[in-house]
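# Analysis of the macromolecular model
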Amino acid sequence: MLFARTGRNLKSFFAGGEAVPWFIGGLSLFMSFFSAGTFVAWGSIAYKHGWVAITIQWTMCIGALVTGLYLAPRWKATGALTAAEFIRERLGVTVQKVYILIFTLVSLFIKGSVLYPVAKLVSSSLNLPLVPCTIGLGIFMIAYTAVGGLWAVMVTDILQFVVLSAAVFILLPLSLDKVGGFDSFISKVPPDFFDLLHGEYTFGFILAFVFYHIAYIGGNWTFVQRYTSVDSPKSARKVAFLFAGLYLISPIIWMLPPMIYKAIDPSLAGLDTENAYLKICQLVLPPGLLGLMLTGMYFSTSASANTALNVVSAVFTNDIYKGLIKPDASDKQLIRVARGSSWVFGLGMIGIALMVPAAGGVVEVVLSISAISGGPLLAPPLWALFSKRLTGRATLWITSIGLAVNLFFKVLAPWLLDYKLTRATETVIGIGLPLLLLLAYELWAARRTVSTQAYGSYLQAKAQKREDALLDVDPEEVLAIKQQNQFGLRVIAGSLLFTAVMLFGLSFLTTQGSGITAGIAGLVLIGSIIPWQASRRSLALPNVPSIKHEIPQP
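Computed from a predicted structure; not experimentally measured. (Residues numbered from 1 in each chain as written. Predicted model: local features only at pLDDT ≥ 70, side-chain atom pairs only at ≥ 80, totals over all residues. Heavy atoms only, no water.)

### Section: the nonpolar core
- If you look at the biggest cluster of nonpolar residues, it comprises 156 residues, and the most contacted ones within it are Trp221, Tyr227, Tyr277, Leu285 and Met293.
- Apart from the residues within four sequence positions on either side, Met293 is in contact with Phe39, Ala167, Val168, Leu171, Tyr277, Cys281 and Leu285. (Core = buried A, V, L, I, M, F, W, Y, C linked by side-chain atoms within 4.5 Å. Buried < 20%, exposed > 50% of the residue type's maximum accessible area, 1.4 Å probe, protein only. Contact = heavy atoms within 4.5 Å.)

### Some thoughts on the side chain of Thr499
- With respect to the secondary-structure elements, Thr499 resides in helix 19 (residues 475–509).
- The buried category is assigned to Thr499, whose relative accessible area is 9%.
- Within polar-contact distance, the side chain of Thr499 engages the backbone oxygen of Ser495 at 2.8 Å.
- Look past the residues within four positions of Thr499 in its chain and what remains in contact with it is Leu159, Val162, Val163 and Val524. (Helix = DSSP H or I, 4+ residues; strand = E, 2+ residues; numbered from the N terminus. Polar contact = N/O pair within 3.5 Å; in protein donor to acceptor, adjacent residues only side chain to side chain.)

### A closer look at the environment of Ser32
- As for its position among the elements, Ser32 is in helix 2 (residues 22–32).
- Classification of Ser32 as buried rests on a relative accessible area of 1%.
- Separated by 191 residues in sequence, Ser32 and Phe223 place their C-alpha atoms 8.0 Å apart.

### Here we look at helix 21 (residues 529–537)
- Considered for burial, the residues of helix 21 that qualify are Pro531, Ala534 and Ser535. Each buried residue of helix 21 lies within a common arc of 100° when the element is viewed along its axis, so the set occupies one face. (Arc of directions from axis to C-beta.)

### A look at the environment of Asn318
- Here Asn318 is to be found in helix 13 (residues 287–325).
- Residue Asn318 is classed as buried on the basis of its relative accessible area of 10%.
- Measuring from C-alpha to C-alpha, the distance between Asn318 and Leu334 comes to 8.1 Å, with 16 residues separating the pair along the chain.

### What to know about the packing of helix 4 (residues 52–77) against helix 11 (residues 233–264)
- Running from N to C, helix 4 and helix 11 cross one another at 175°; their axes reach a closest spacing of 7 Å. Of the possible angle classes, the one that applies to helix 4 and helix 11 is roughly antiparallel.
- Of the residues in the contact of helix 4 with helix 11, the class split is 23 nonpolar, three polar and two charged. (Axes fitted to C-alpha atoms, helices over the stretch in contact; angles between N-to-C directions. Parallel < 35°, antiparallel > 145°, perpendicular 65-115°, else oblique. Nonpolar A, V, L, I, M, F, W, Y, C, P; charged D, E, K, R; others polar.)

### Let's talk about the packing of aromatic side chains
- Under the defined criterion, the tally for this structure stands at 23 aromatic pairs.
- Measuring from centroid to centroid gives 5.4 Å for Tyr212 and Tyr216, while their planes differ by 15°, and the two rings are stacked. With Tyr212 and Tyr216 both in helix 9 (residues 203–219), this residue pair falls four residues apart, about one helical turn.
- Tyr212 gets classed as buried once you look at its relative accessible area, which sits at 6%.
- A relative accessible area of 12% places Tyr216 in the buried class.
- Chaining the aromatic ring pairs together yields one cluster made of Trp42, Tyr201, Phe205, Phe209, Tyr212, Tyr216 and Phe223.
- Taking the ring centre of Tyr47 as reference, the NZ or CZ of Lys262 above it sits at 4.8 Å. (Phe/Tyr/Trp six-rings, centres within 6.5 Å; stacked < 30°, edge-to-face > 60°. Lys NZ or Arg CZ within 6 Å of the ring centre and 35° of its normal.)

### Quick look at the confidence of the model for the chain
- Scored by pLDDT, the chain has a mean of 80; 85% of the residues are at 70 or more.
- Per-element confidence in the chain is highest for helix 4, whose mean pLDDT is 93, and lowest for helix 1 (residues 10–15), whose mean pLDDT is 52. (pLDDT = per-residue confidence, 0-100.)

See the structure below:
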């Protein structure tokens, strides 16, 4: 509610005025990638197969490093507010329309599927019915996204990161203590439990997942928004590098508790393995700390889903309503459409979450949708960031062929041919086929000397847009954006202070883990100084004549 009046226009509502501090963007990106599905899906894999769950998540670190080196700065340099805007300018309106349709459907399915596991966790732990839990948690998630825009999403992302980190850091030592120490844990699990690869998660699967996460972290429209909402290509690179650093360390801390539970109770099977994380939480955490863990799990899921909501709403408002339906819409009308579309798409997510159990569980849904749509949807726009020859028609053909082949092997082949791809092969084909088609087209186009006139027109339009931005600088708007961002940093600082006080109180109430809880509360208290100092530095507003130099150059 604090951010209800901060969105003056689309740029401030969806992109923070393109002046979001890079460390805020990086932490928000990290939490946007994260959800209770991490605990349910990867926790299930960690329980069944061990260390390979960490290996899989390290592919995200590699993907973020490549993104930071090559992709994030390129996205910022395009000058586009959304990835869909870049696709329209570079590949044409037809390609944009097709991609918007596919992206919206995929986002609704993936984020709906990650709402289900957190509702299941809350339902199981509090003995509440699953359907009302799903609907109630979903509505709460939609509400603050629709009200506050990007800054509301990012501020809650930061708080979710703090609360979740606090809960997991408390859970890990208590879990090790329950199993009798690290040596006892190692002696009670299978001998291959710490192998880097295991079962269906082979080297081919991991390699394909590396390429998939390069495309996903570098090209997913949700994450592109984090690269375009900072002030420069250099800051965009820092956003991706911070994400990479966090994903190097955090998977080890997250995945050890369900691995430890394997040593305590090896009897879970089937979809019950999705409950491994909740089981270890219920076993070792006293009531107050269990509530903290559930809070972290719920809000980490809402971080992932509300970011997708914000981007889907941004694409609909900026690229469909403003771009195609009503180009002359006022800022007030656009903000109203943005908030309304957040509700419409959010209710769609809730409906999909209610259907996840019938689809075979969250692991099956998330990995299958990613394998089918990831490569065909994400690879061509990323290729277009570098290629002068890729055309809109070629993009549509490559995307269509990739989706058709992936859907055939996933849906029709098991039914018609009684043949089902392994998880590794499914992922290799999903990301490998579009890349091969793109490479083949690039080589063919180079030999045929395909005209690069469309690319030249794109460069001219981009240069004109940059020139218009320099001429249309509104000092009042620049001041308002800086004040909005300063306000966001102060809200983060105050909220961290409140969280620290809450954790200190919890350390006195809990029956065990009080020392760890108090120590983490102290760290959160110290951490609240960082955004407060950043907000004070942002007070130094530039004089009006020098404002033009604030415009980021690609």
